[in-house]
Amino acid sequence: MFGASKKEWNDWRWQLRNRIKTPEGLKNYFKNFTESELKGLELAAKKYPIATTPYYLLLADPEDPSCPIRRQIVPLYEEVNPEVQKFCQPDALKEEGEIPNLTHRYPDRVLLTVTTMCPVYCRHCMRKRKVGKPERAITEEEFKKAYDYIKGNPQIKEVLISGGDPLVLNTERLFYFVEKLKGIEHIEVIRIGTRTPVILPQRFFDNQLLRFLEKHSPLWIVTHFNHPKEITKEAKLAVRNILRTGNPVLNQTVLLKGINDDPETLEVLFRRLISIGIKPYYLFHCDPIEGVVHFRTSLEEGLKIVAALRGRLSGLAQPTYALDLPGGRGKVPLYPQYYLGRKGKKHFFRSYTGEVVIYLFG
Ligand SMILES: *Cc1c(COP(=O)(O)O)cnc(C)c1O
Ligand code: SF4
């Protein structure tokens, strides 16, 4: 449908240049629109930008409105329905603070957003308030402010570079930031949050990027796979290329209603992730952010899913289920109850199969 040569298709810049960014563009590909999708394309697309790479678009089933890829790129009316979104705020986690582009929530680490642009605008994005509105990278002056703050606060040991998607920057620009930050004596760890292995794996077919990744390893690359359909041969190749440069790859999944909120889907996802060398790091409960609340499941459902995965899935493949507390109070891990309490020397545990086991000790 895009008439691209193989060389063009595998070129990340071609993929970015040829993003589908209009409701009409999506209407050319998808069929069988639901009423909510049609209204979403008309109304939600005016409030929150839409975009997808040609690569990610073609992973979606054009016929099926419940396709997990389609649900991540085609807006529903629920996104802007005031009845649905009424108790939510655009920045419920209070990421915006004194220094633009910088969130300092925990003593030892900061989040730095270097661009508002993403190759794909995920409908469930918790930074919906700013991604793509408009698309722009931080200026030298803005970076300098964040840099000075980090330099002046020696308790900060780690910088998490995020966005938007930092990998949309050209390689020299991104690594200018990385080098500057690594040059601060108290910075020990750089983490890069990027969805490019999922929605633009061609980014890692770029030898210049791979050379820079190798030179600066270890950078902790944290990506965002939500569904097994996203683990394609291109994604595998991208991850292999990153791992070859000596950089570990972790994954954060968001628990999303109608996309991955069942143990079978997540079991396959996490199993495939470890099989290609990615460690599932977090499974996030979806945040009460304006524009995404229709993707939320209940906490009880989330805990039930996590309990079902325990025991039937390798420990390597188990992420930490967590939610972000409102107002920027940080993440909390959530666990099903396995220790039921004690009576004298008798301790009561629940096994992964649900059996209550008594364990005697002091
Ligand atoms: C999630 C987050 C971090 C990183 O938390 P980890 O538990 O170390 O992954 C850091 N800063 C902010 C603002 C965050 O939201
Ligand atoms: S790639 Fe990440 S930051 Fe960008 S729209 Fe998707 S979830 Fe949001």
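This text follows the structure it describes.
Within any chain, residue numbers begin from 1 and follow the written order of that chain's sequence. A letter from A marks each chain and a number from 1 marks each ligand, given out in the order of writing. In view of the model being predicted, local features appear only for residues whose pLDDT reaches at least 70, and side-chain atom pairs are presented and counted only at 80 or more, with totals across whole chains, interfaces and linings using the full set of residues. Excluded from the side-chain calculation are hydrogens and water; included are all heavy atoms of the structure.

### Comments concerning the packing of helix H13 (residues 263-275) against helix H14 (residues 299-309)
Quick note on the threshold: Each axis is a line fitted through C-alpha atoms, and for a helix only the stretch in contact is used; angles between axes span 0 to 180 degrees, taken between their N-to-C directions. The helix and strand labels rest on DSSP assignments: H or I over at least four residues marks a helix, E over at least two residues marks a strand, and numbering proceeds from the N terminus. In this scheme, roughly parallel covers angles under 35 degrees and roughly antiparallel covers those over 145, while 65 to 115 is roughly perpendicular and the rest are oblique. For any helix crossing, the convention is left-handed if the near helix is rotated counterclockwise from the far helix by under a right angle, and right-handed if that rotation is clockwise. Should any heavy atoms of two residues lie within 4.5 Å, those residues are counted as being in contact. Just so you know the grouping, Ala, Val, Leu, Ile, Met, Phe, Trp, Tyr, Cys and Pro go in nonpolar, Asp, Glu, Lys and Arg go in charged, and all remaining residues, Gly too, go in polar.
Running from N to C, H13 and H14 point in directions that differ by 55°, and their axes come no closer than 9 Å. Regarding the angle of H13 to H14, the classification is oblique. The hand of the H13/H14 crossing is right-handed. Counting all contacts with H13, which are made through Pro263, Leu266, Glu267 and Phe270, the residues of H14 involved are Ile305, Ala308 and Leu309. Its residues assigned to classes, the contact of H13 with H14 shows 6 nonpolar, no polar and 1 charged.

### Observations concerning the site of ligand 1
Spelled out, the test is: Near is defined per residue: the residue qualifies when any heavy atom it owns lies within 4 Å of the molecule or strand. Polar contact is defined as a pair of N or O atoms within 3.5 Å, subject to the rule that within protein one atom must be able to donate a hydrogen and the other to accept it, and that residues adjacent in sequence are counted only when both atoms are side-chain atoms. Computed with a 1.4 Å probe, the accessible areas rest on the Shrake-Rupley method; for each residue, only the protein chains presented here act as cover.
All residues adjacent to ligand 1 are Thr103, Arg105, Tyr106, Arg109, Leu111, Leu160, Arg191, Tyr281, Tyr282 and Lys331. Within the contact set of ligand 1, an oxygen atom lies 2.7 Å away from a side-chain nitrogen or oxygen of Arg109. Note that an oxygen atom of ligand 1 is positioned 2.8 Å from one of the side-chain N or O atoms of Arg191. With the chains in place, 91% of the 390 Å² that ligand 1 exposes on its own is no longer accessible. Breaking the shell around ligand 1 down by element, the ones donating at least two residues are strand E1 (102-106), strand E2 (109-113) and strand E7 (279-285). Element by element, the count of residues in the shell around ligand 1 is highest for E1, at 3 residues. The residue inventory of the shell around ligand 1, partitioned by class, reads 5 nonpolar, 1 polar and 4 charged.

Purely spatial values, then, with no claim about function.
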